[in-house]
Amino acid sequence: MKKVTKAVIPAAGLGTRFLPATKALPKEMLPIIDTPNIHYIVKEAVEAGITDILIIVSHAKEPIEDYFDVNYELETRLKETGKLKQAEEIREIANMANIFYVRQKEPKGLGDAIGYARSFASGEPIAVLLGDDLIDDKERPAIGELIEAYEQTGGTILGCRRVPKELLRKYGVVKPTAKAEGKVFEVMDMVEKPKDPSLAPSDIAVLGRYVLPPEIFDVIARTPKGVGGEVQLTDAIKLSLEKRKCYACLFTGERYDIGDKFGYIKATLDFALRRDDLRENVLDYLRRINEENR
Ligand code: UTP
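Here the structure is a predicted model, which means the values were calculated and not measured.

Participant: Would you mind showing me how to read the overall build of the chain here?
Facilitator: Within the chain, the regular secondary structure consists of 11 helices and 13 strands. Its C-alpha atoms give the chain a radius of gyration of 20 Å, near enough to 19 Å, the size a compact globule of 294 residues would have. The burial tally for the chain puts 48% of its 294 residues in the buried class. Contacts in the chain between residues at least 24 apart in sequence constitute 76% of all its contacts with a sequence separation of at least 6. Carbon together with sulfur atoms contributes 51% to the accessible area of the chain, which is approximately 15500 Å² in total. For the chain, the distance from the average position of its 45 positive side-chain charges to the average position of its 48 negative side-chain charges is 4 Å.

Structural data, given as structure tokens:
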């Protein structure tokens, strides 16, 4: 089986939940303190052994390309003023991985976006990481756990976590086989965004990480438009169940939905509390707010 060394990051969505900021700034560039969230996504992929990354962009996403490029002028300035560590840090960003870009012509859905990766994948399996889902990989990169599951099973892999029942309506929810147990188990079906918890086949939601087999592109090409008139990745994966087994992989890291405003605030606070330069001040401030709002 071919090793998974290629990853796709779809970043061509409109980001309407973060308007007005996303009118001019790609959602993926919103910083968690001082680092754009797409940096964490690329880092997760690289730590899992990915060497080549395709970012699916739209016309308004140049800041992403600039971020992963070399910035000679800034580097020179930093060096001239003795800020050598910072100069080195910004140079390292440009060397993280081989990064390629392709433009999705119109935002016609996640499935449609992934379809643009066909020639990049060139017959190989791909890891997919959605920028909305930031996974704190204290122990190990979540996508690495999925790649391991792919190597063990050879099936389509969905990155999953159990979520509270009242939140299931926001996600794709999997229907595991009757004998499902452990961390990786087979999935028989999926329900996209169940309107009511009683319609959800489990409490296990798909959260922004996938390993997709090479034939996914043929399947996407014959997937009819679904919800919102868009080509949905969930629909393509469901179609592919006829030929290829599909597995849920319960990854271990904490996950933040940073496409959602409260999820974004939680990620910012948690990341701040982990930093020596911020922890004490942030804690003091939180205690003060807590007192004032009693
Ligand atoms: P979302 O639906 O969460 O992202 O898509 P969005 O459309 O940008 O956000 P809102 O809901 O309007 O705020 C999940 C992922 O798929 C990408 C998005 O960039 C995001 O990373 N996507 C979505 C595309 O690349 N193309 C699309 O046509 C749709």
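Participant: I would appreciate a short explanation of the nonpolar core in the present structure.
Facilitator: One recurring pattern in soluble globular proteins is that nonpolar side chains are buried together. Residues Ile53, Ile55 and Phe68 are the most contacted members of the largest nonpolar core, which totals 50 residues. Ranked by residues supplied to this core, first place goes to helix 7 (residues 142–153) with six residues. With residues up to four places along the chain from it excluded, the contact list for isoleucine 53 reads Ala7, Ile9, Val42, Ala45, Val46, Ala97, Asn98, Ile99, Phe100 and Phe120. One finds Val187, Ile204, Ile216 and Leu250 within the second-largest nonpolar core, a separate group that totals 33 residues.

Participant: Would you explain the site of the ligand in this entry?
Facilitator: In the region of the ligand, 18 residues are neighbours, and Thr16, Arg17, Gln104, Gly109 and Asp132 sit closest. The contact in question runs from an oxygen atom of the ligand to an N or O atom on the backbone of glycine 15, over 2.8 Å. Contacts to the ligand include lysine 27, whose side-chain N or O atom sits 3.1 Å from an oxygen atom. Class assignment for the residues of the shell around the ligand results in seven nonpolar, six polar and five charged.

Participant: What's the story with the packing of helix 3 (residues 72–80) against helix 4 (residues 84–94) in this structure? I'm lost.
Facilitator: A packed helix pair is summarised by two numbers, namely the angle formed by the two axes and the spacing between the axes. Their axes nearest at 8 Å, the elements helix 3 and helix 4 cross at an angle of 160°. Considered as vectors, helix 3 and helix 4 are oriented roughly antiparallel to each other. As helix 3 runs across helix 4, the sense of the crossing is left-handed. Side by side, helix 3 and helix 4 meet where Tyr72, Leu74, Glu75, Leu78 and Lys79 of the first sit next to Leu84, Gln86, Ala87, Ile90 and Arg91 of the second. Here the residues of the contact of helix 3 with helix 4 sort into six nonpolar, one polar and three charged.

Participant: What is the right way to read the packing of aromatic side chains from this model?
Facilitator: What characterises a pair of aromatic rings is the spacing of the ring centres plus the angle enclosed by the ring planes. This structure, assessed with the given rule, holds five aromatic pairs. Taking the centre distance of 5.1 Å and the plane angle of 85° together, the rings of tyrosine 67 and phenylalanine 68 count as edge-to-face. Exposure class is identical for tyrosine 67 and phenylalanine 68. Each is buried. Among the aromatic residues, those joined into a ring-pair cluster are Tyr40, Tyr256 and Phe271. Positioned above the aromatic ring of phenylalanine 120 is the side chain of lysine 6, whose terminal nitrogen or guanidinium carbon lies 5.5 Å from the ring centre.

Participant: Any chance you could explain the pairing of strand 6 (residues 126–129) here in plain terms?
Facilitator: Moving residue by residue along a regular strand, the side chains alternate between the two faces of the sheet. By the alternation rule, side chains of strand 6 split into Ile126 and Val128 and Ala127 and Leu129, which are all buried. Bridging between strand 6 and strand 11 (residues 204–212) involves four bridges; their strand directions are antiparallel. Residue pairing in the sheet places valine 128 in a bridge with tyrosine 210 of strand 11.

Participant: I'm lost on the side chain of glutamate 28 in this one. Help?
Facilitator: With respect to the helices, strands and loops of the structure, glutamate 28 is situated in the loop between strand 1 (6–10) and strand 2 (31–32). The residues contacting glutamate 28, other than those within four sequence positions of it, are Pro10, Ala11, Pro36, Asn37, Ile38, Lys61 and Ile64.

Participant: Looking at this model, I keep getting lost on the pattern of salt bridges. Mind explaining?
Facilitator: One side chain can pair with another of opposite charge once the charged atoms of both are near each other. According to the stated counting rule, one finds 25 salt bridges in the structure shown. Its salt-bridge partner being glutamate 75, residue arginine 91 comes within 2.9 Å of it at the nearest N-O pair. Taken together, the residues arginine 91 in helix 4 and glutamate 75 in helix 3 connect sequence positions 16 residues apart. Classification of glutamate 75 by relative accessible area gives buried; the value is 5%. Ionic pairing is found between glutamate 89 and lysine 85, a salt bridge with its closest N-O pair at 3.2 Å. A residue pair is termed a helical-turn pair when its members lie 3 or 4 positions apart in one helix, as glutamate 89 and lysine 85 do in helix 4 at four residues. Taking the relative accessible area as the measure of exposure, glutamate 89 reaches 40% and is therefore partly exposed.

Participant: When you look at a nonpolar patch on the surface in this model, what are you seeing that I'm missing?
Facilitator: Among the surface-exposed residues, Phe262, Ile265, Leu269 and Leu286 lie close enough to one another that they form a single nonpolar patch of about 340 Å² accessible area. If you tally residues by element for the nonpolar patch, the top one is helix 10 (residues 261–273), at three residues. Along the polypeptide, isoleucine 265 turns up in helix 10. Taking relative accessible area as the criterion, isoleucine 265 reaches 46% and is therefore assigned partly exposed.

Quick notes on the rules
Residues numbered from 1 in each chain as written. Predicted model: local features only at pLDDT ≥ 70, side-chain atom pairs only at ≥ 80, totals over all residues. Heavy atoms only, no water. Helix = DSSP H or I, 4+ residues; strand = E, 2+ residues; numbered from the N terminus. Rg over C-alpha atoms; globule rule 2.2 N^0.38 Å. Buried < 20%, exposed > 50% of the residue type's maximum accessible area, 1.4 Å probe, protein only. Contact = heavy atoms within 4.5 Å. Areas by Shrake-Rupley, 256 points an atom, 1.4 Å probe, with all protein chains shown as cover. Lys, Arg positive; Asp, Glu negative; His and termini not counted. Charge placed at Lys NZ, Arg CZ, Asp CG, Glu CD. Core = buried A, V, L, I, M, F, W, Y, C linked by side-chain atoms within 4.5 Å. Near = heavy atom within 4 Å. Polar contact = N/O pair within 3.5 Å; in protein donor to acceptor, adjacent residues only side chain to side chain. Nonpolar A, V, L, I, M, F, W, Y, C, P; charged D, E, K, R; others polar. Axes fitted to C-alpha atoms, helices over the stretch in contact; angles between N-to-C directions. Parallel < 35°, antiparallel > 145°, perpendicular 65-115°, else oblique. Left-handed = near helix turned anticlockwise from the far one by under 90°. Phe/Tyr/Trp six-rings, centres within 6.5 Å; stacked < 30°, edge-to-face > 60°. Lys NZ or Arg CZ within 6 Å of the ring centre and 35° of its normal. Pairing = 2+ DSSP bridges. Salt bridge = Lys/Arg side-chain N within 4 Å of Asp/Glu carboxyl O. Patch = residues over 30% accessible without salt bridge, like charges linked within 9 Å, V, L, I, M, F, W, Y side chains within 5 Å.

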